[in-house]
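If you want the building blocks of each chain, they are given just below.
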Amino acid sequence: MNKANHYQDVFDHANDGIFIHDEVSGLILDANRMASEMTGYSKEELFALTVGGISCQDRGYDFNHATQQIHRAVKTGPQIFEWWIKTKEGKEFPAEVNLKRILLGDSHRILALVRDISDRKAAELRIKGRELYYRKLISNSADGIAILDPHGLVRWIGPSIRHILGYRERDIRDRSIFDAILAEDVPAMKEALASLTESDQGTLATQYRIRHRNGAIRIHEASCKNLLKDESVGGLLINFRDITARVEAEEKAKLRDHELSHVARLSTMGEMSSALAHELNQPFFAIVNYIGGTIRRVKAGNVSTSGLLEVLKETQKEAERAGRIIRTVRDFTRKSLFHREMADLRSIVQDISTFIEIQCKPSAVRFEILPGATPVPVNCDRVLIEQVIANLACNGIEAMTDTPQEKRLLRILVQTSSGGKACVAIEDRGHGLPRSNPEKIFDAFFTTKKEGLGIGLSLCRSIIDSHDGHLWATTRADGGAVFHFSLPLAQESDHA
């Protein structure tokens with residue numbers, strides 16, 4: 001096969017349509033097999049047509065525009081552009097045209113390579129449609145999306161930023177997020193981004209306060225992921241949402257729970273008023289007797305310094321005893337704001353034990369504490385945890401009303417569980433739990449007492465839940481019930 005036949009074979013079997021045009025008139029001088037198949041015209045029919053005859057003229061693709069492109073290829077060099085072709089059967093499709101001036105023999109001609117790009121255009125439309133779909137989702141989402149560089153510079157921000165913070169996208173793009181975050185929260189946020197940049201895996205959650213365009217302070221919760229190595233993203237992906245309303249609602253709920261807790265403590269003290277009066281009567285009666293006896297001995301001239309000193313010591317001891325009882329009541333009923341602190345759960349039980357003992361005496365209930373040998377540190381509101389212990393203990397005492405006196409025993413155990421939790425168990429020898437649906441006892445306003453409000457156990461569970469703990473009850477094998485609650489063990493970092 002000679003070289004001319006070889007080139008003709010390549011020309012006819014090319015995957016693209018190939019046209020040869022006159023560079024002056026633009027007429028079709030030659031075409032390959034694919035050009036014929038693409039347009040539906042035979043070669044002879046193509047030679048009799050102009051480019052306008054195989055183009056979608058109603059779309060603006062006519063002979064004049066075609067000759068302009070040909071002349072441009074002659075003057076300025078190769079041209080690549082899109083064109084719309086109309087076949088003999090009337091079908092229209094988009095094509096990519098590549099025009100180039102070539103030398104054939106002694107004459108210059110224009111070589112046109114034509115490729116059907118219908119599939120590519122359809123794919124582009126699908127991508128644009130998908131992009132529009134996701135953009136609508138993002139713009140109407142309550143959450144915001146941003147892409148940051150490792151230093152906090154905003155490389156891209158979603159349109160939802162307008163209703164989240166009141167800014168337009170262009171107001172935020174290429175600015176540092178630290179310009180808007182409150183100064184007190186900037187160090188923690190910088191540390192979080194630095195930590196995320198160093199890690200290739202995982203998601204980091206953080207919270208910060210940021211200023212709205214109108215000047216209001218908003219609270220945001222963010223989820224951050226390192227996608228620096230992802231070529232399609234190349235940054236830190238941040239999903240954020242405004243949780244200001246949620247945080248405010250939680251704070252209001254805490255205040256309501258605190259008010260309810262205070263009411264419950266006062267109610268408990270009201271129920272214990274007779275026991276408290278009896279308990280305080282003993283030290284006050286002793287003080288009156290000591291002082292009265294001393295006065296009589298002084299009047300009789302029968303008192304020595306050593307004897308007087310002994311009486312004063314005993315008087316002081318009884319006064320301190322009364323003071324401890326009053327202080328316990330005052331601490332238990334005081335109204336204070338939430339205050340979390342590191343505390344040994346054993347010491348909390350010991351501090352409230354005086355209060356529980358006062359309640360045990362009128363009912364002839366023996367009281368035991370098994371505190372364990374090692375500290376049980378928790379991060380808690382001391383008054384609220386004391387209230388939980390006191391409420392559960394008082395319930396246990398009341399549950400033993402019909403228990404034979406010699407079997408009445410209230411026991412409190414404090415220990416650390418194998419799962420790394422601080423645990424308290426309060427055992428009684430009473431009537432036990434309801435046989436059907438024992439969990440119902442924790443529902444608000446459920447009570448088995450004639451004069452009960454039904455808020456005690458519900459409030460206890462609410463308090464323990466607010467400390468990220470768990471409260472539950474079990475039945476003792478030999479009668480009675482055990483109320484358990486667990487709290488997370490505190491770490492040194494919690495104290496810091």
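Here the structure is shown first, and the text comes after it.
A few points on the structure. Fair warning: this is a prediction, and the values are worked out from it, not measured in the lab.

### Overview of the overall build of the protein
Looking only at helices and strands, the protein has 15 helices and 17 strands in total. Every one of the 496 residues in the protein was classed for burial, and the buried ones make up 40%. Partitioning the intrachain contacts of the protein with sequence separation of at least 6 by distance along the chain shows that 56% fall at a separation of at least 24.

### Focus: the environment of R382
With respect to the helices and strands, R382 occurs in helix α13 (residues 382-399). In the structure, R382 is positioned 38 residues away from D344 in sequence and 9.8 Å away in space, judged by C-alpha atoms. At 2.6 Å, the side chain of R382 and the side chain of D351 are in polar contact.

### Quick notes on the environment of D12
Of note, D12 is situated in helix α1 (residues 3-12). Residue D12 is classed as buried on the basis of its relative accessible area, which comes to 19%. When sequence neighbours within four positions are dropped, the list of residues in contact with D12 reads N32, R33, M34 and K43.

### What about the sheet that holds strand β9 (residues 217-227)?
Taking strand neighbours across the sheet as the criterion, the 5 strands line up as β7-β6-β10-β9-β8 in an open arrangement whose pairing is antiparallel. Of all the strands in the sheet, the pair left with one neighbour each is β7 (154-157) and β8 (203-211). Mean inter-strand twist for the sheet, computed between neighbouring axes without regard to direction, equals 30°. Pairing geometry for strand β6 (residues 144-148) and β7, over 3 bridges, is antiparallel. Directly across from L148, in β7, lies its bridge partner V154. Taken strand by strand, helix α8 (residues 186-198) contacts β6, β8, β9 and β10 (235-242), and its axis lies near 155° from that of β8.

### Some thoughts on the packing of aromatic side chains
Inspection of the entire model under this criterion finds 2 aromatic pairs. Consider the rings of Y61 and W83, whose centres lie 5.0 Å apart with planes at 70°: the pair is edge-to-face. Highlighted residues: Y61 in the loop between α3 (43-47) and α4 (63-76) and W83 in strand β3 (residues 79-86), separated in sequence by 22 residues. With a centroid separation of 5.9 Å and an interplanar angle of 70°, the aromatic rings of F81 and W83 are classed as edge-to-face.

### Comments concerning α4
Compared with an ideal rise of 1.5 Å per residue, which puts 14 residues at 20 Å, α4 spans 20 Å between its outermost C-alpha atoms and is within 8% of the ideal. Residues of α4 that are buried: A66, T67, Q69, I70 and A73. Projected down its long axis, α4 shows its buried positions confined to an angular sector of 155°, all on one face. Exposed residues lying more than 90 degrees from the buried face of α4 are N64, K75 and T76. Looking at the buried positions of α4, the neighbouring elements they touch are β1 (17-22), β3, β4 (92-104) and β5 (107-116).

Thresholds, definitions, all that
- Residues numbered from 1 in each chain as written.
- Predicted model: local features only at pLDDT ≥ 70, side-chain atom pairs only at ≥ 80, totals over all residues.
- Heavy atoms only, no water.
- Helix = DSSP H or I, 4+ residues; strand = E, 2+ residues; numbered from the N terminus.
- Buried < 20%, exposed > 50% of the residue type's maximum accessible area, 1.4 Å probe, protein only.
- Contact = heavy atoms within 4.5 Å.
- Polar contact = N/O pair within 3.5 Å; in protein donor to acceptor, adjacent residues only side chain to side chain.
- Pairing = 2+ DSSP bridges.
- Axes fitted to C-alpha atoms, helices over the stretch in contact; angles between N-to-C directions.
- Phe/Tyr/Trp six-rings, centres within 6.5 Å; stacked < 30°, edge-to-face > 60°.
- Expected span 1.5 Å × (residues − 1).
- Arc of directions from axis to C-beta.

Read these as layout, nothing more, since geometry by itself doesn't imply function.
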